[in-house]
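# Examination of the molecular architecture
Here are the chains, one letter per residue:
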Amino acid sequence: MELSDNQARLLRLEAQHLLERRPSSAASVARVVRRHVGVQAQEPAAARLSLRARCRDLNADTVERALVEERLLVRTWCLRGTLHLVASEDLAWLQALLRPNLIPAGAKRRAELGLDGATARRGVQVLEEMLRSEGPRTRAEIRSQLAAQGIPTAGQATVHLIALAGLEGVVCYGPDRDGEATYVALADWIEAGSLLPRDEAGAELARRYLTGYGPATPADLAAWSGLKIGEARAAWQRVAGELLEVSLRGSPAWLLRARAALLTADPPDRPVVRLVPGYDPYLLGYRGRELAVDPEHAAHIHPGGGVLHPAILVDGGVRGTWKTTRRRNRVEVGLRPFAELRVVEAELDEEVRDVARFLEGAPAGS
């Protein structure tokens, strides 16, 4: 079956809960994160805004409850070696699958910072013992104690050592203290779920990726996850019997057979408008963004240097950018459409009001 661009975008919107929002309980937020496998959280505020776009009437306290009180979610290093929100129950098998690629990828940079293999291992051990005996610690506190143990901390050494410990499943982010992030021993913070045999884990990742991102390809899976392309293709093959092949822009793509009924579903009654933040899964989940972003506007969304700006989505197509400005207790949302959007003015106004509502209820800077 040949998919039109509009069909493919609507399928992806539905897969990502952008077509129909979910409820806003802590458990529902965790299910949304699990649907996406992980939500990039290099910028915590962006991760929360990604959840707002997918959950009705969400507030920041609910996200915090899922993270800190109920601990259904954990913020740590995972996909692509980058900070993500991940469902706690998924962390063990995901990190075990990905770390054989991700940890060696950072070895050269760690060595440049004085953290050769033996030194890095000792640093991780010191860090784990510190957090297990003393509880949550800020980065500055960690740096001080590592230095006292003779572990290099100059420049970015402390950050890279903490990230290594995160990928190894030793540490993760804990509760903020006076607005500053802390780190905790993972084993003391959450139950990280069960391990899976590597082949089974690869198949589970492919299945879950297609649930939350299809239609897509093995190359998309590799770019999004950090798997090597051969590993992604092997994982794809393990779930081949569950897949339906379609054609998208003249090339093969796949979705789960369980979602095949959506191919003939009626389109929404009104335009689907969402304000998604920078680094949103809808834009990060694929090798390229051509389906969502016209090439003439690509630089407005991705100007380079790892930056990915917030986007105005209309029926899955990027139609502009947006930004927020906080003025005391008020938040102003500024829209920068690429062209006139009067036809969706009412839907845009709803989104602007909801973003402002969400951010006005969140701590400044969060």
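Residues numbered from 1 in each chain as written. Predicted model: local features only at pLDDT ≥ 70, side-chain atom pairs only at ≥ 80, totals over all residues. Heavy atoms only, no water.

## Some thoughts on unusual backbone geometry
- Residues G214 and P215 are joined by a peptide bond in cis, for which omega reads 5°.
- Within the secondary structure, P215 is located in the loop between helix 11 (198-213) and helix 12 (218-225).
- One non-glycine residue, R80, lies in positive phi territory at about 60°.
- Tracing the backbone shows R80 in the loop between strand 3 (73-77) and strand 4 (83-87). (Helix = DSSP H or I, 4+ residues; strand = E, 2+ residues; numbered from the N terminus.)

## Side note on the sheet that holds strand 3
- Spatial strand order, 2-4-3: three strands in an open sheet with antiparallel pairing. A single partner strand is all that each edge strand has here, and the edge strands are strand 2 (39-40) and strand 3. (Pairing = 2+ DSSP bridges.)

## Some details on the sheet that holds strand 11 (residues 317-327)
- Strand order across the open sheet formed by four strands is 9-10-11-12, with antiparallel pairing between neighbours. Since the sheet does not close on itself, it has two edges, and those belong to strand 9 (273-276) and strand 12 (330-337), each with one partner. Taking each pair of neighbouring strands and ignoring which way they run, the sheet shows an average axis angle of 30°.
- As defined by bridge partners, strand 11 adjoins strand 12 across eight bridges and the pair is classed as antiparallel. From the neighbouring strand, G320 faces strand 12, where its bridge partner is P337. (Axes fitted to C-alpha atoms, helices over the stretch in contact; angles between N-to-C directions.)

## Concerning the pairing of strand 10 (residues 311-314)
- Residues A311 and L313 line one face of strand 10 and the alternating positions I312 and V314 line the opposite face, and both faces are buried.
- Relative to strand 10, strand 9 runs antiparallel, the two being bridged by four bridges. Pairing of R274 across the sheet is with L313, part of strand 10.
- Here four bridges tie strand 10 to strand 11, and the two strands are oriented antiparallel to one another. Looking at the pairing, I312 lines up with G320 of strand 11.
- Connecting strand 10 to the next strand, strand 11, in antiparallel fashion are two residues, including D315 with a positive phi near 50°. (Buried < 20%, exposed > 50% of the residue type's maximum accessible area, 1.4 Å probe, protein only.)

## Digging into the packing of helix 12 against helix 13 (residues 229-238)
- Across the interface, helix 12 lies against helix 13 with an axial gap of 8 Å and an inter-helix angle of 125°. Judged by the inter-axis angle, helix 12 sits oblique to helix 13. Where helix 12 crosses over helix 13, the handedness of that crossing is right-handed. Counted together, P218, A219, L221 and A222 of helix 12 and I229, A232, R233 and W236 of helix 13 form the full contact between these two elements. (Parallel < 35°, antiparallel > 145°, perpendicular 65-115°, else oblique. Left-handed = near helix turned anticlockwise from the far one by under 90°. Contact = heavy atoms within 4.5 Å.)

## Quick notes on the pattern of salt bridges
- Evaluated as defined, the whole model comprises 27 salt bridges.
- A salt bridge links D280 to R54; its shortest N-O distance comes to 2.8 Å. Here D280 is found in the loop between strand 9 and helix 14 (281-284), whereas its partner R54 is found in the loop between helix 3 (44-52) and helix 4 (60-69), with 226 residues between them in sequence. A single burial state applies to D280 and to R54, both of which are buried.
- Each of R34, E89, D90, E204, R207, R208 and E242 takes part in salt bridges that share partners, so that together they form one network. (Salt bridge = Lys/Arg side-chain N within 4 Å of Asp/Glu carboxyl O.)

Nothing here speaks to function; it is all geometry.
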